[in-house]
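In case you want the letters, here they are:
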Amino acid sequence: MNFAKKNPVRFLSRSAASSEKLPSDVNLTIVKLNGDEYKIQVRRNATVRQVKKVVESYFADQEVNWPLVWSHFCLAYKNYKLVDDADRTTCILIKDGVKLNFIRHHQPAAYSSLNYFMRERFAQRVQQLLCGA
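Residues numbered from 1 in each chain as written. Predicted model: local features only at pLDDT ≥ 70, side-chain atom pairs only at ≥ 80, totals over all residues. Heavy atoms only, no water.

Chemist: Outline the environment of H72, listing residues and values.
Modeler: Mapping H72 onto the fold places it in helix 4 (residues 66-72). As a C-alpha pair, H72 and R104 span 32 residues in sequence and 5.9 Å in three-dimensional space. If near-sequence neighbours (up to four positions away) are discounted, H72 is found in contact with I103, R104 and H105. (Helix = DSSP H or I, 4+ residues; strand = E, 2+ residues; numbered from the N terminus. Contact = heavy atoms within 4.5 Å.)

What follows is the structure in structure tokens.
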């Protein structure tokens, strides 16, 4: 029984077979909060950080404070927040042509309570300065 003649595909490596089918880049659509859509292109196996860098370079002509933006908002795909910069798009199953939305990124409760404490303390100091107490 000569199996090689009956099934020549058996001898193809997985990487050779998959590289013929899949393009190396994927096209993504970024949807801003106001509904505007922008098309970007990233490597198929890009990290979330690389996707963010492409988004930042798309808006390079505008004055945007990106650390501030990323601290309040994140990209999301099917209600999954892309907050871990090390995640790869292939692991999240992001395919060619999908839409990534900007959504509000909530801080952990410890941070919000700390911010509340800081705001209250600042308000007390301002009140002391203004009232002379």
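Chemist: If you had to explain the packing of aromatic side chains to someone new, which residues and values would you point to?
Modeler: In the structure shown here, the tally under the stated rule is 6 aromatic pairs. Residues Y58 and F59 carry aromatic rings whose centres are separated by 5.1 Å and whose planes lie at 75 degrees to one another, so their mutual orientation is edge-to-face. Here F59 and W66 contribute two aromatic rings whose centre-to-centre distance is 6.3 Å and whose plane-to-plane angle is 40 degrees, an arrangement assigned as tilted. Taken together through their ring pairs, the aromatic side chains of Y38, Y58, F59, W66, W70 and F102 make up a single cluster. It is K52 that lies over the ring of W70; its NZ or CZ is 5.0 Å from the centre. (Phe/Tyr/Trp six-rings, centres within 6.5 Å; stacked < 30°, edge-to-face > 60°. Lys NZ or Arg CZ within 6 Å of the ring centre and 35° of its normal.)

Chemist: Give a detailed account of the pattern of salt bridges, specifying residues and quantitative values.
Modeler: Under the criterion given, the structure shown has 5 salt bridges. Notably, a salt bridge pairs R43 with D25, separated by 3.4 Å at the nearest N-O pair. Highlighted residues: R43 in strand 2 (residues 37-43) and D25 in strand 1 (residues 25-31), separated in sequence by 18 residues. Here R43 falls in the exposed class, since its relative accessible area comes to 52%. For D25, a relative accessible area of 26% gives the class partly exposed. (Salt bridge = Lys/Arg side-chain N within 4 Å of Asp/Glu carboxyl O. Buried < 20%, exposed > 50% of the residue type's maximum accessible area, 1.4 Å probe, protein only.)

Chemist: Lay out the pairing of strand 3 (residues 73-77) in plain terms, naming residues and giving numbers.
Modeler: When you tally the buried positions in strand 3, you get 5 out of 5 residues, the bulk of the element. Residue alternation in strand 3 divides its side chains into two sets, F73, L75 and Y77 and C74 and A76, and both sets are buried. Taken together, the 4 bridges between strand 3 and strand 5 (residues 99-104) define a ladder with antiparallel strand orientation. By the bridge assignment for strand 5, F73 is matched with R104. (Pairing = 2+ DSSP bridges.)

Chemist: A description of the pairing of strand 5 should follow, citing residues and the corresponding values.
Modeler: For strand 1 and strand 5, the ladder comprises 3 bridges, and the chain directions are parallel. Bridge pairing in strand 5 links I30 to L100.

Chemist: Describe the nonpolar core, listing the residues and the values that go with them.
Modeler: Ranked by size, the top nonpolar core spans 22 residues in total, and within it L28, V51, V55, L75, I94 and L100 carry the most contacts. Among residues more than four places away in sequence, those in contact with L100 are L28, T29, I30, V31, V51, L75, A76, Y77, L82 and I94. (Core = buried A, V, L, I, M, F, W, Y, C linked by side-chain atoms within 4.5 Å.)

Chemist: Account for the layout of surface pockets, with residues named and values stated.
Modeler: Approximately 200 Å³ is the volume attributed to the largest pocket. Considering the residues around the largest pocket, the lining is formed by K32, L33, F59, Q62, V64, W66, V69, F73 and F102. By residue class, the composition of the lining of the largest pocket is 7 nonpolar, 1 polar and 1 charged. (1 Å grid on protein atoms, 1.4 Å probe; cavity = no way out; pocket = protein on both sides within 12 Å on 5 of 7 lines; lining within 4 Å. Points joined across faces, edges and corners; volume = space filled by probe spheres on them. Nonpolar A, V, L, I, M, F, W, Y, C, P; charged D, E, K, R; others polar.)

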